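# Coordinate analysis (summary)
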Amino acid sequence: MAEPFDAAVVVVGAGPAGLAAAAHAAEGGASVLLLDRAPRPGGQIWRHRATPPRAARAWIDRVERSGATPLFGATVIDVPAPGCLLVEHEGLGRRVRYERLVIATGARERFLPFPGWTQPGVVGVGAAQALLRQGARFAGRRVVVAGTGPLLLTVAAALAENGARVVGIAEQAPLGRLVGFGRTLTRHPRKAAQGLGYGTRLLGIPYRTGSWIRSADGRGGVERARLTNGRREWTWDCEILACAYGLVPNLELPRLLGCETAGEALALDEVQRTSVPGVFAAGELDGIGGDALALATGGVAGTGAAGRSVPAALLQARDRERAFAVAYKRTFALRDELRHLAGPETVVCRCEDVPLGRLESCRSSREAKLLTRAGMGACQARVCGPALGFLRGWAADSVRSPLEPTPLSVLEDQR
Amino acid sequence: MAERVRLMIDGRVVEAEPGTSVLAALWNAGQRTIRSSVTGEGRGAMCGMGTCHECQVRVDGVPHRRSCLETVREGMEVRTDG
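Residues numbered from 1 in each chain as written. Chains lettered and ligands numbered in written order. Predicted model: local features only at pLDDT ≥ 70, side-chain atom pairs only at ≥ 80, totals over all residues. Heavy atoms only, no water.

Take the overall build of chain B next. Secondary structure summary: chain B contains one helix and seven strands in total. In sequence order, chain B lays out its α and β elements as β-β-α-β-β-β-β-β. Taking 2.2 N^0.38 as the reference for a compact globule, 82 residues should give roughly 12 Å; the C-alpha atoms of chain B span a radius of gyration of 12 Å, in line with that estimate. Based on the C-alpha atoms only, the size of chain B along its principal axes is roughly 40 × 25 × 20 Å. Residue burial in chain B is summarised as follows: out of 82 residues, 50% are buried. (Helix = DSSP H or I, 4+ residues; strand = E, 2+ residues; numbered from the N terminus. Rg over C-alpha atoms; globule rule 2.2 N^0.38 Å. Buried < 20%, exposed > 50% of the residue type's maximum accessible area, 1.4 Å probe, protein only.)

In C-alpha cells form, the structure reads like this:
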C-alpha cells in the first residue's frame, strides 16, 4: 500500500503561517502535507465554524489550488526518528516521513497568577474570542477585559458586538508607550484602520491604561474584579473576567526536535531555518508579530523548504513586519508589579494545585517539578511554565514526548 | 441553521447549534464550573484552545476530553461530574 501521509515538505499548523508555507512550498513544486489538530484550517486567529473570515478564505483557496494535501484533526505527539513524526489521527498513530519540516504551531496566551485567577469565569482574552467563535453566547453578560496588547480591543469589540456588557478594559501598559505605538501604526495603514474600527465600537466603554487586575473575587465563580493603577484601587462587577498578558510561542515540537531558542522565540536564520537541518519555522515562533508577520514568514519558510531561492520582495515584507513586532514588544512589555500579584496561597500550577508558597525553596522549573509536582500535570507546564518564567526567571524544563496526552492504543498501534 | 443538535449534559437534554463546541454548549447552558481540581476546587475553562485542560469532561464514557476541542454531536453524552 502507498504511504499517503509522507511528503517532501510537511507543515505543522494551518494558521496564517502554515497556510502561507504550504501554498508557497507546493507552488514551488514540492509535495506538501499540511497538518493541523483542529478540524479545519485557520489557526486561532482565523478560527471559524462555518464560514472563514475573508482574509483566511484567500489563503485557504490558494492552498487548495496549490495541490498541498491538508490533514485536519491530526496531532503531532512525538518525533520517533529523524525525519519522522508520530501523528494521532482518528484514534490511530500514523508515522509521517518528511524531507523538510515547517513548524508553524503558533502561540498561546500568557496567563499570570493573581488571587482568584482559578475561579470559574476567569478566562483568557483570546479564550473569550475562541469561546465566541465556538458558539458561546455572551449577550447580556458583564465582562471585564484586562491584561495587555491590541487583542484586548479586538476582543472587547467582538464581545460588545455580540451583546456583552463590557464593563471596562484595563491595559497594563502606560499611556505614554501606547501613544508611541499609535505613531508606528501610521506606517501600517491596515492596522491603524482596524484600530479605528474598534474605537468606534468601544465608545462609552472605560479604557484604563497603566492599570491591572489585583484579584478576582467571588464565591464559586468570579463576581467582581479588583483593579489598580498603582495609586488607587477600584472594582468592576462582572461574571466573566477575560485576562491575559500577551502571547507565548508554542515551542514544544521544535524543542523536542532540538531546535535552538533565542529568548522566548526560536533562533532562525535569514530564510527561517532553525538550527536543525531541514527544519524551518514560521509565524509566532519567529517572535510574536500577528497575522501579517505569520504570512510573511510562512511564505519565506515554504519557499525555502521547497528548495527555491526566496524572492527579495518576500524577505522585505517579512523584515517590515519584524520591525513592527519589535515595536509591539517594547510597547506591551510587562510591568514589574505583575510579578508580585500572587500570594503564598495563590495556586500557580493549576493542574496539580501547587501554591506559590510551596515553590519558595525551588530554584528551577526542574526542581519545582521534582519537589512539588508543579508543571507535571495534564498541561505539561504550558500555563505555569511561562508564568514562572516571568515571576522567577526560570527557563522552561526539557520537553518530553508524548507532546499531548495520548491514549496508549495510539502509541502501541502505529502504522 | 434551523437544525439543532441534541445532547445530554449530566443527564439533562441540551440543544445546540451544529458546529458548537461542547464547551460552548456548557457555557450556553449556564455552566461556568466544569471540573473539580485535584484538591476539589471548582474550575472552568481558561484558555479555550486546548492548552490548559481545565475544561475536561467525560464524553460518551471517555474521560479527560477537552470540551473546547469537541464538537457537539446528536445523542452525545457529556458528564462534568467525573
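This is not the end of the story, as more comes after the structure.
To continue, consider the layout of surface pockets. Gaps left between atoms are located by rolling a probe of water-molecule size over the structure's atoms. Residue and element names in this part refer to chain A. For the second largest pocket, the calculated volume is near 780 Å³. As for the second largest pocket, its lining consists of 34 residues, of which Arg 255, Ala 381, Gly 385, Ala 396 and Asp 397 are closest to the centre. Of the residues contributing to the lining of the second largest pocket, the split by class is 17 nonpolar, eight polar and nine charged. (1 Å grid on protein atoms, 1.4 Å probe; cavity = no way out; pocket = protein on both sides within 12 Å on 5 of 7 lines; lining within 4 Å. Points joined across faces, edges and corners; volume = space filled by probe spheres on them. Nonpolar A, V, L, I, M, F, W, Y, C, P; charged D, E, K, R; others polar.)

Next up on the list: the sheet that holds strand β14 (residues 233-237) of chain A. Residue and element names in this part refer to chain A. The strand order β12-β13-β14 describes an open sheet built from three strands, whose pairing is antiparallel. Strand pairing shows two members of the sheet lacking a second neighbour, β12 (212-217) and β14, which therefore form its edges. Each adjacent strand pair in this sheet contributes to an overall mean axis angle of 25°, direction not counted. Where strand β13 (residues 224-228) lies against β14, five bridges are found, and the strand directions are antiparallel. For Ala 225, the partnering residue across the bridge sits in β14 and is Trp 236. (Pairing = 2+ DSSP bridges. Axes fitted to C-alpha atoms, helices over the stretch in contact; angles between N-to-C directions.)

This part is about the environment of Leu 23 of chain B. Among the secondary structure elements, Leu 23 of chain B is positioned in helix α1 (residues 22-28). Sequence-wise, Leu 23 of chain B and Cys 68 of chain B are 45 residues apart; in three dimensions their C-alpha atoms are separated by 4.9 Å. When near neighbours in sequence (up to four residues on either side) are disregarded, Leu 23 of chain B contacts Leu 131 and Gln 134 of chain A together with Ile 34, Ala 45, Gly 48, Cys 55, Ser 67 and Cys 68 of chain B. (Contact = heavy atoms within 4.5 Å.)

All right, on to the packing of aromatic side chains then. All names here are of chain A. Applying the stated criterion to the full structure yields six aromatic pairs over all chains. Between the aromatic rings of Phe 181 and Phe 324, the centroid separation amounts to 5.6 Å while the plane-to-plane angle is 40°, which identifies the pairing as tilted. Of this pair, Phe 181 sits in helix α5 (residues 175-185) while Phe 324 sits in helix α9 (residues 312-331), placing them 143 residues apart in sequence. Summarising the aromatic geometry, the rings of Tyr 328 and Phe 332 are spaced 5.3 Å apart at their centres and angled 55° between planes, so their arrangement reads as tilted. Pair check on accessibility: Tyr 328 and Phe 332 agree, each one buried. Across from the ring centre of Trp 117, 4.7 Å away, lies the NZ or CZ of Arg 350, which sits over that ring. (Phe/Tyr/Trp six-rings, centres within 6.5 Å; stacked < 30°, edge-to-face > 60°. Lys NZ or Arg CZ within 6 Å of the ring centre and 35° of its normal.)

Before going further, it helps to spend a moment on helix α11 (residues 384-392) of chain A. All names here are of chain A. Looking only at α11, the buried set comprises Cys 384, Pro 386, Ala 387, Leu 388, Phe 390 and Leu 391. Residues of α11 that are buried sit in contact with β7 (107-109), β16 (247-249) and β20 (347-349). Where α11 ends, the next residue or the one after it, Gly 393, has phi of about 75°, a positive value.

This next bit is on empty space enclosed by the protein. All names here are of chain A. The full count for this structure, using the stated rule, is two cavities of 30 Å³ or more. Quantified by volume, the largest cavity comes out at close to 70 Å³. Arg 350, Cys 351, Cys 379, Val 383 and Cys 384 are the residues nearest the centre of the largest cavity, which is lined by 13 residues in total. Residue classes in the lining of the largest cavity are distributed as eight nonpolar, three polar and two charged. Of the pockets and cavities examined, the second largest cavity occupies roughly 40 Å³. Among the residues forming the lining of the second largest cavity, the class breakdown is four nonpolar, one polar and three charged.

Quick look at the interface of chain A and chain B now. In this assembly, 40 residues from chain A lie in contact with 34 residues from chain B. Approximately 3000 Å² of surface area, both sides summed, lies buried where chain A meets chain B, with 52% of it carried by carbon and sulfur atoms. Contact with chain B buries surface across chain A, with Gln 134, Arg 350 and Asp 353 of chain A losing the most and accounting together for 19% of the total. Counting the contacts that link chain A with chain B gives four salt bridges. The tally of links from chain A across to chain B stands at 19 residue pairs in polar contact (both at pLDDT 80 or more). (Buried area = accessible area lost by both parts, 1.4 Å probe. Salt bridge = Lys/Arg side-chain N within 4 Å of Asp/Glu carboxyl O. Polar contact = N/O pair within 3.5 Å; in protein donor to acceptor, adjacent residues only side chain to side chain.)

Attention now moves to the confidence of the model for chain B. Of the residues in chain B, 96% have a pLDDT of 70 or more, and the chain-wide mean is 94. On the interface metric, ipTM, the complex scores 0.97, and its pTM is 0.95. (pLDDT = per-residue confidence, 0-100.)

Moving on: the packing of helix α1 (residues 16-27) of chain A against helix α2 (residues 54-66) of chain A. Residue and element names in this part refer to chain A. At a minimum axis separation of 9 Å, α1 and α2 run at an interaxial angle of 30°. Between α1 and α2, the crossing angle belongs to the class labelled roughly parallel. When the axes of α1 and α2 are compared, the crossing they make is left-handed. Taken together, the residues of α2 that come into contact with α1 (itself represented by Leu 19, Ala 20, Ala 22, Ala 23, His 24, Ala 26 and Glu 27) are Trp 59, Ile 60, Arg 62, Val 63 and Ser 66. Of the residues assigned to the contact of α1 with α2, the class counts are eight nonpolar, two polar and two charged. (Parallel < 35°, antiparallel > 145°, perpendicular 65-115°, else oblique. Left-handed = near helix turned anticlockwise from the far one by under 90°.)

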